[in-house]
Amino acid sequence: MARYASIGAALLVTMVLTRVLDQDVFGAYRKVWLVYAIVGPAFVNTLANTLYYRGKAGEGNIAISVNLMLGAVYGLITGLIGLVFAGFWASALNIPEFTDAFRMFSPYMALAVFAGIAEPLFITLKRKKWLVGYSVGYNIIEFCLIVIPFAMGLPIAQILLIMAIGPAIRSLIVIGVALQGMQQWPGWSAVKAELPVSLKYGWGIFLLTAVSLATVYTDKWVVGVFFDSDSLYAIYEIGAKKIPFVVALTSAVSAALVAEYAGDLKTGSFSGIVSEARKASARLSYLVVPGLCMLFVYAEEVLFLLFGGYSESAPIFRVYLLTILTQLVFPQSILLGVGRSDVNARFGVAELVFNLIFSIALVMSLGLIGPAIATLLGHVLFTLLLFRYCRRKYGIKSRSLIPGKEIASLLWMLPVVIAIGAGLKYGIMLVWPGFAVTAAIVAILSLYGVKAMKAEAA
């Protein structure tokens, strides 16, 4: 729920800005986010996963104190990357007039990284209910800090500086919650003992996340560098949406699997996480895949409803829908649970190199859609490498993680959804009525599939 609040707020901001701003202005604004989009979440995910793992496998209070210190350091590094190299980023992305905007964005970058430790902090301190309220509250504040200044017509550089108020408030809350929840801080000797352990585990997480994010944003960097037009970048940016609520759900499931079974995996017991990962994949398939089929058919209509246009983004959007399928299985959770984040990182590097080479090659031959196809192929490569490693190292067969008979009913659902949706839209030209009918059918089929799976389990 907390992650949904953040993803939902980000989506709402985009929905408003695409209606308020011209396409080229929106494209330039989104380019400024590209640097933070890789570095910031990489550090945040490093802090989160390290605290989840060490808070479970070690001493909670010590892990919290160490990761709060690391959060401050990581935040400073992130802010300096934006501040010191502002001119380079602006020139590389064909927006030299936005050099000051990159500088003004650096306080937000630094504070947002430190505040990003909130989720694992609340969970480790057993304050899950607080986390939901905190997430809703700060997302409302940050929504206002972005939308209102844009509506007032303020310069983008000034808006980016104003936005730093949001993570500053969040940072104060994080410090307050830590002081209240821990009650007694550990001694320096305990911190020194924990620091190298957290750093070692976190380094693997950072490499994995940074490489994964670089892979996700490689195509956007390629588009930003190869095309001078900010308007074309805006078209690609909107098309390259992965349905954020689905991504948040799969990320939450993966984190839950690691947190729940890290102890079992330390003893070499894989049966629990393999069984639960397979069940989770089946449930997610029923909930997500029928909807993906509908969105594939009605891509233009979905983009119109969400962003008030951008029909040119539909081909890219359809390619990105297919990438979600690779996220419905969880071999990476097993490797994270056994502490082998370095393996995920190594395969991520392979995906990044593959994606970069093919993005450059395909953008020159296929145009704007080329980098999106390269991203899809890279996702498939990464998933196959993970399956292969789990089979060779731990004897976990790929089919034990991929649901089979559990999703048998899904096999006849998909042709039904596609046939009905395409028939109504392209056959008898009932676009919006067809959209509504297909959405209702998807909801019914998804609910039927989940209930049928529960019945089989019982």
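Shown above is the structure to which this text applies.
Residues numbered from 1 in each chain as written. Predicted model: local features only at pLDDT ≥ 70, side-chain atom pairs only at ≥ 80, totals over all residues. Heavy atoms only, no water.

Q: Explain the overall build of the protein here, please?
A: Assigned secondary structure in the protein consists of 20 helices and zero strands. Relative to a compact globule of 458 residues, whose C-alpha radius of gyration would be 23 Å, the protein shows 22 Å and is just as compact. Burial statistics for the protein: of 458 residues in total, 54% are counted as buried. If you take every contact in the protein between residues at least 6 apart in sequence, the share linking residues at least 24 apart comes to 82%. (Helix = DSSP H or I, 4+ residues; strand = E, 2+ residues; numbered from the N terminus. Rg over C-alpha atoms; globule rule 2.2 N^0.38 Å. Buried < 20%, exposed > 50% of the residue type's maximum accessible area, 1.4 Å probe, protein only. Contact = heavy atoms within 4.5 Å.)

Q: Can you help me understand the environment of Phe-307 in this one?
A: Tracing the sequence through the fold places Phe-307 in helix α14 (residues 299-307). Each C-alpha atom of the pair Phe-307 and Phe-270 lies 44 Å from the other, and the pair is 37 residues apart in sequence. The contact partners of Phe-307, leaving out residues within four places of it in the chain, are Leu-11, Thr-14, Met-15, Thr-18, Arg-19, Ile-238 and Lys-241.

Q: I would appreciate a short explanation of the packing of α14 against helix α15 (residues 314-323) in the present structure.
A: Any two packed helices are characterised by how steeply their axes cross, that is the angle between the axes, and by the distance between the axes. As a packed pair, α14 and α15 sit with axes 9 Å apart at the nearest point and diverge in direction by 105 degrees. Classified by the angle between their axes, α14 and α15 sit roughly perpendicular to one another. Residues Ala-299, Glu-300, Val-302 and Leu-303 of α14 pack against Ala-314, Phe-317 and Arg-318 of α15. Its residues assigned to classes, the contact of α14 with α15 comprises five nonpolar, no polar and two charged. (Axes fitted to C-alpha atoms, helices over the stretch in contact; angles between N-to-C directions. Parallel < 35°, antiparallel > 145°, perpendicular 65-115°, else oblique. Nonpolar A, V, L, I, M, F, W, Y, C, P; charged D, E, K, R; others polar.)

Q: Hey, could you run me through helix α5 (residues 99-115) in this one?
A: Residues spaced three or four apart along an α-helix point in a common direction, a consequence of the helix completing one turn every 3.6 residues. Its 17 residues place the ends of α5 25 Å apart at the C-alpha level, agreeing with the 24 Å of an ideal helix rising 1.5 Å per residue. The largest bend along α5 measures about 30 degrees and falls at Phe-105, with the proline Pro-107 one to four residues further on. Most of α5 is tucked away: twelve of the 17 residues are buried. (Expected span 1.5 Å × (residues − 1). Bend = angle between axes of the 7 residues up to and from the residue.)

Q: So what exactly am I meant to see when it comes to the pattern of salt bridges here?
A: Two side chains carrying opposite charge are able to pair once their charged atoms lie near each other. Evaluation of the coordinates by the stated rule reveals eight salt bridges. Salt-bridge contacts for Asp-100 lead to Arg-103; the nearest nitrogen and oxygen are separated by 2.8 Å. In this pair, Asp-100 and Arg-103 are both assigned in helix α5, three residues apart and thus about one turn of the helix distant. Exposure remark for Arg-103: the relative accessible area of 38% places this residue in the partly exposed category. With a closest N to O distance of 2.9 Å, Glu-300 and Lys-425 form a salt bridge. With Glu-300 in helix α14 and Lys-425 in helix α19 (residues 408-427), the pair connects residues that are 125 residues apart, well separated along the chain. (Salt bridge = Lys/Arg side-chain N within 4 Å of Asp/Glu carboxyl O.)

Q: Would you take a moment to explain a nonpolar patch on the surface for this structure?
A: A surface patch of nonpolar side chains, about 600 Å² in accessible area, is lined by Leu-76, Leu-80, Leu-83, Val-84, Phe-85 and Phe-88. Ranked by residues supplied to the nonpolar patch, first place goes to helix α3 (residues 60-84) with four residues. (Patch = residues over 30% accessible without salt bridge, like charges linked within 9 Å, V, L, I, M, F, W, Y side chains within 5 Å. Areas by Shrake-Rupley, 256 points an atom, 1.4 Å probe, with all protein chains shown as cover.)

Q: Explain the nonpolar core here, please?
A: Nonpolar side chains tend to gather and get buried jointly when the protein is soluble and globular. If you look at the biggest cluster of nonpolar residues, it comprises 143 residues, and the most contacted ones within it are Tyr-29, Phe-102, Phe-105 and Met-163. The biggest single contributor to this core is helix α2 (residues 23-57), with 16 residues. Contacts of Tyr-29, omitting those with residues within four sequence positions, involve Leu-17, Ile-146, Phe-150, Ile-156, Leu-160 and Met-163. (Core = buried A, V, L, I, M, F, W, Y, C linked by side-chain atoms within 4.5 Å.)

Q: Explanation requested: the packing of aromatic side chains in the structure shown.
A: Aromatic ring pairs are defined here through the distance separating the ring centres and the angle between the ring planes. Under the counting rule described, the total for this entry stands at 21 aromatic pairs. Ring centres of Phe-88 and Trp-89 lie 5.1 Å apart, and the angle between their planes is 65 degrees; on these two criteria the pair is classed as edge-to-face. Under the relative-accessibility criterion, Trp-89 is labelled buried at 16%. Through pairs of rings, three or more aromatic residues link up here, namely Tyr-29, Trp-33, Tyr-36, Phe-105, Tyr-108 and Phe-150. (Phe/Tyr/Trp six-rings, centres within 6.5 Å; stacked < 30°, edge-to-face > 60°.)

Q: Mind showing me how you'd approach unusual backbone geometry here?
A: Negative phi is the rule for most residues except glycine; trans is the rule for most peptide bonds. Residues other than glycine seldom take positive phi values, yet Asn-94 does so here, at roughly 65 degrees. Take Asn-94: it is sitting in the loop between α4 (86-92) and α5. Phi at Met-429 takes a positive value of approximately 60 degrees, unusual for a residue other than glycine.

Q: Teacher, can you tell me more about the packing of helix α13 (residues 271-297) against α15 here?
A: Interaxial distance between α13 and α15 falls to 9 Å at its minimum, and their mutual angle equals 165 degrees. In this view, α13 runs roughly antiparallel relative to α15, as classed from their interaxial angle. For the crossing formed where α13 meets α15, the hand is left-handed. Between α13 and α15, the residues in contact are Leu-292, Leu-295, Phe-296 and Val-297 and Phe-317, Arg-318, Leu-321 and Leu-322, respectively. Grouping the amino acids of the contact of α13 with α15 by side-chain chemistry returns seven nonpolar, no polar and one charged. (Left-handed = near helix turned anticlockwise from the far one by under 90°.)

Q: What exactly am I supposed to notice about the side chain of Thr-383 here?
A: Relative to the assigned elements, Thr-383 resides in helix α18 (residues 370-394). Residues contacting Thr-383, with those up to four places away along its chain left out, are Thr-326 and Val-329.

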